[in-house]
Structure formats: C-alpha cells, structure tokens
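Residues per chain, in single letters:
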Amino acid sequence: MKFAIIGPPQSGKSTLFAAITGQAIDPSHAPAERLATVLVPDDRLDFLAALYKPKKYTPAHLEFVDIPGVSLAEPNGPKEFRRTMDTVRRCDGIVMVVRAFESDSVVKYRNRIDPKADVDELHAELIFADLEQVVARIEKLEKSTQKPTKTRDAELRELAFMRRAHEALEKESPVASAIHNDEERGIATSFGFLTQKPVIVVINVGEGDIAKPPFFTHEHARATTALAAEIEAEISQLDEKDRPAFLADLGITEPARTRLIRTCYDAVGLISFLTCGEDEVRAWTIAKGTTAVDAAGKIHSDIQRGFIRAETVAFVDLKAAGDMRGAKSANKVRLEPKHYVVQDGDIINFRFNV
Ligand SMILES: Nc1nc2c(ncn2[C@@H]2O[C@H](COP(=O)(O)OP(=O)(O)OP(=O)(O)O)[C@@H](O)[C@H]2O)c(=O)[nH]1
Ligand SMILES: [Mg+2]
C-alpha cells in the first residue's frame, strides 16, 4: 500500500515525510520525489514478540512518496501539477498536507494561510486531472468504435462508462459515483483516477496550536488530522527513549507517525491479522471483509489451496489468557471455515493439506 503526500508549495510535506519516516530533512530542500517504507507500530505484535521471542519480527508496512509542491498560481502550474500526478495515480491513497502554521520565514502560498481553501483548490485540481484523462479517452474511443473490430463491444461499454464519468466529474463528483459494475471498476482502477483514491487531510499547525488546532472536515476527505510537522520531525530525530518526554511536554499523546499511519490504514479499510511462533511473529495486511481462505493466500498459495481450517484466537482473548495454552483451556481458540471473515487482531494458525 502506497500513499502519496501532496499539497501546495511549502506546506510542510517533506517535513511530515521526515517526521513519519525518521529520515533527516534534506537540508537543500531539493524538489525531488522521495519514497520510504514505514513500519506500522503495533502493540499487539510487541506483546507476541515478548511471549515467543521469535527469530524474526515482521510488522506490517506502508510506503509513502513525498511529492514536491507545485504552485497553481504560476502560468505553467496546472500542467506541472498534472505531471506530478503520474506518480500519484499509481498510489493507493493521497495524504494532502495543508498549511495552518504562521511563520515569517516561510513564503505564503497565494499570500494566504487558509488550509480549507487549499484543500478545495487541490480537490478541484484532482477533478481537472481526471477530466483531462476522461476527455482524451472518450475522443479515442469515439474514433475506434467506428470500426468493426473484435473489441468493439467492450469499447462501446467503456465509452458509455467514460461518458458517465465525464458527467460525474463535471458535477464535481468523483469517478467512483459513475461506476455501476466490476468491469467499470476495473477500467477505473487501470486509469488510476485520482478522485477514486481515499484522501487523508493533514492540517499542519504551528507548535502553539497543538492543543487547539484549527480543525475542519472536508466532504471529499476520508479522514482529517491536525499535527505539527516541524516539531514532530525534530523529535523523531531524538533517541527513541527521549521522545515521550518531549511529546508529553507539548501535550502530544501520540506521535504523528503512529497517528498518521493508523489514519491511513483505517481510511483505506485495511486491517491486520497476526501469525506467531518461535520462528516469526508477523502482521499481515488485508482488506476489511477478507475471508479466511483468501487471508491464507496472502501467506502462500499452497496454504490457500489446501485450506482445512483457520485456528483463530482474538488477540484480546490471548492477552487476557496470558498465552496460547491459556487461551485454549479457556476455549477461546476457534476452528474457522473458509468463508469466515477475518477480524482485525485475529491470531491465526492455518491448517492445510497439499
Ligand atoms: N513554523 C513551522 N514551519 C514549518 C512547519 N512545517 C514546515 N515548516 C517550514 O516550512 C518550510 C517548508 O517545509 P517543507 O517540508 O520543505 O515543505 P514542502 O511542502 O515539502 O515544500 P515543497 O516540497 O517545496 O512544496 C521549511 O522551512 C520548514 O521548516 C511547521 O509546522 N511550523
Ligand atoms: Mg518538499
């Protein structure tokens, strides 16, 4: 799962990227795309690691791409913005960073500090970018469907969908609202439409506003969170043991890293199931609603093919019982069939036969 960090110039994207990845801020602030893998903090996994002392500890992970900001106020801005969207189309979600911090040394985008207006502007720009793609595709399909080719029927269906998507975007609705079936969902996914991606808004506040951030929600945002990127980036550079005291001093109960990762995880409907043993304690990322047999496929296709039962215990039950033996004698370990819907925090041992 990959998230693109976008936003107006100088809104604090690279600073947030540094805060969540623990990487030092590039002092040159050179405008370049950067990619980092971030491990998903998980107390449950820590508990299991203490219990099993495994050889390998493998938390879930997410990827973040830092995208340089583009000023839409410049004549070439919109074109340049659309170029940077090529990367975003290949991501699963969008983290939109907007500025709410005051600072005399940082140039104000459009000479204002108005995070809500920035979200509106970015959202409109995402719609334009999708519209451009849809218009180009419609033109192409209108020509190709004139010819009696083998693919003509499929192209006619796609054309009908693209026209509906066009209509939706003109009304400022996301492409998703025009999707009627799986074929159309597949088409939309292959185009990587931006309005189909879940958006997480990050309001980047000044240090003094942490307790009372200028919070707002946006109808097109899946989630909104306020944080102070600069101070969090500085704290992320400290020794891990020193961080809690500094955060507590500022009234921050949970570091930006943990908060943002969880928000992203939730916004795209992800959950984790866990596997444990002396060899490895591991978290596996799946979509909400995944069945036991499909979860097994995440680990290995053989386990999916030869699936017999999923020996399952909820993490809270295992923790309450102390360990696996305790959970078993408390009758908390269930044998679940193929169609069982895996829950967040399920500890699973798949029984299979190939
Ligand atoms: N006071 C204050 N300054 C911040 C904060 N976040 C970022 N800055 C400063 O704002 C400037 C821009 O930060 P960046 O993180 O480079 O912004 P960016 O969005 O990556 O900028 P571009 O990639 O050029 O679009 C830097 O000088 C930061 O130190 C903040 O929360 N408070
Ligand atoms: Mg940057």
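Calculation criteria
- Residues numbered from 1 in each chain as written.
- Chains lettered and ligands numbered in written order.
- Predicted model: local features only at pLDDT ≥ 70, side-chain atom pairs only at ≥ 80, totals over all residues.
- Heavy atoms only, no water.
- Pairing = 2+ DSSP bridges.
- Helix = DSSP H or I, 4+ residues; strand = E, 2+ residues; numbered from the N terminus.
- Axes fitted to C-alpha atoms, helices over the stretch in contact; angles between N-to-C directions.
- Contact = heavy atoms within 4.5 Å.
- Buried < 20%, exposed > 50% of the residue type's maximum accessible area, 1.4 Å probe, protein only.
- Near = heavy atom within 4 Å.
- Polar contact = N/O pair within 3.5 Å; in protein donor to acceptor, adjacent residues only side chain to side chain.
- Areas by Shrake-Rupley, 256 points an atom, 1.4 Å probe, with all protein chains shown as cover.
- Nonpolar A, V, L, I, M, F, W, Y, C, P; charged D, E, K, R; others polar.

**A few points about the sheet that holds strand β7 (residues 223-227)**
Turning to step 1, where the next piece is worked out: The six strands are arranged β2-β4-β1-β5-β6-β7 in an open sheet whose pairing can be described as mixed. Each edge of the sheet is formed by a strand with only one pairing partner; in this case those strands are β2 (34-39) and β7. Going across the sheet, the axis of each strand differs from the next one's by a mean of 25 degrees, ignoring polarity.
Turning to step 2, where the next piece is worked out: Bridging between β2 and strand β4 (residues 61-66) involves six bridges; their strand directions are antiparallel. Each bridged residue has a counterpart across the sheet, and for Leu 39 the counterpart in β4 is His 61.
Turning to step 3, where the next piece is worked out: Each of β1 (2-6), β5 (93-99) and β6 (199-204) touches helix α4 (residues 115-144); the most contacted strand, β5, lies at about 145 degrees to it.

**Thoughts on the environment of Val 202**
Turning to step 1, where the next piece is worked out: Among the secondary structure elements, Val 202 is positioned in strand β6.
Turning to step 2, where the next piece is worked out: In this view, Val 202 contacts Leu 16, Val 95, Met 96, Val 97, Val 98, Thr 225, Leu 227 and Leu 260; residues no more than four positions away in its chain are not counted.

**Overview of helix α1 (residues 13-21)**
Turning to step 1, where the next piece is worked out: Counting buried residues in α1 gives eight out of nine residues, a clear majority hidden from the surface.
Turning to step 2, where the next piece is worked out: Of the residues trailing α1, Gly 22 is marked for its positive phi of about 75 degrees.

**Description of the site of ligand 1**
Turning to step 1, where the next piece is worked out: Taken together, 17 residues surround ligand 1, and among them Gly 12, Lys 13, Ser 14, Thr 15 and Glu 230 come closest.
Turning to step 2, where the next piece is worked out: Backbone polar atom of Gly 12 to an oxygen atom of ligand 1: 3.0 Å apart, as the coordinates give it.
Turning to step 3, where the next piece is worked out: Within the complex, the protein chains bury 83% of what would otherwise be the 650 Å² of accessible surface of ligand 1.
Turning to step 4, where the next piece is worked out: Counting only elements with at least two residues in the shell around ligand 1, the list comes to α1 and α7 (229-236).
Turning to step 5, where the next piece is worked out: Counting residues per element, the shell around ligand 1 draws most heavily on α1, at three residues.
Turning to step 6, where the next piece is worked out: Here the shell around ligand 1 is composed, by residue class, of six nonpolar, nine polar and two charged.

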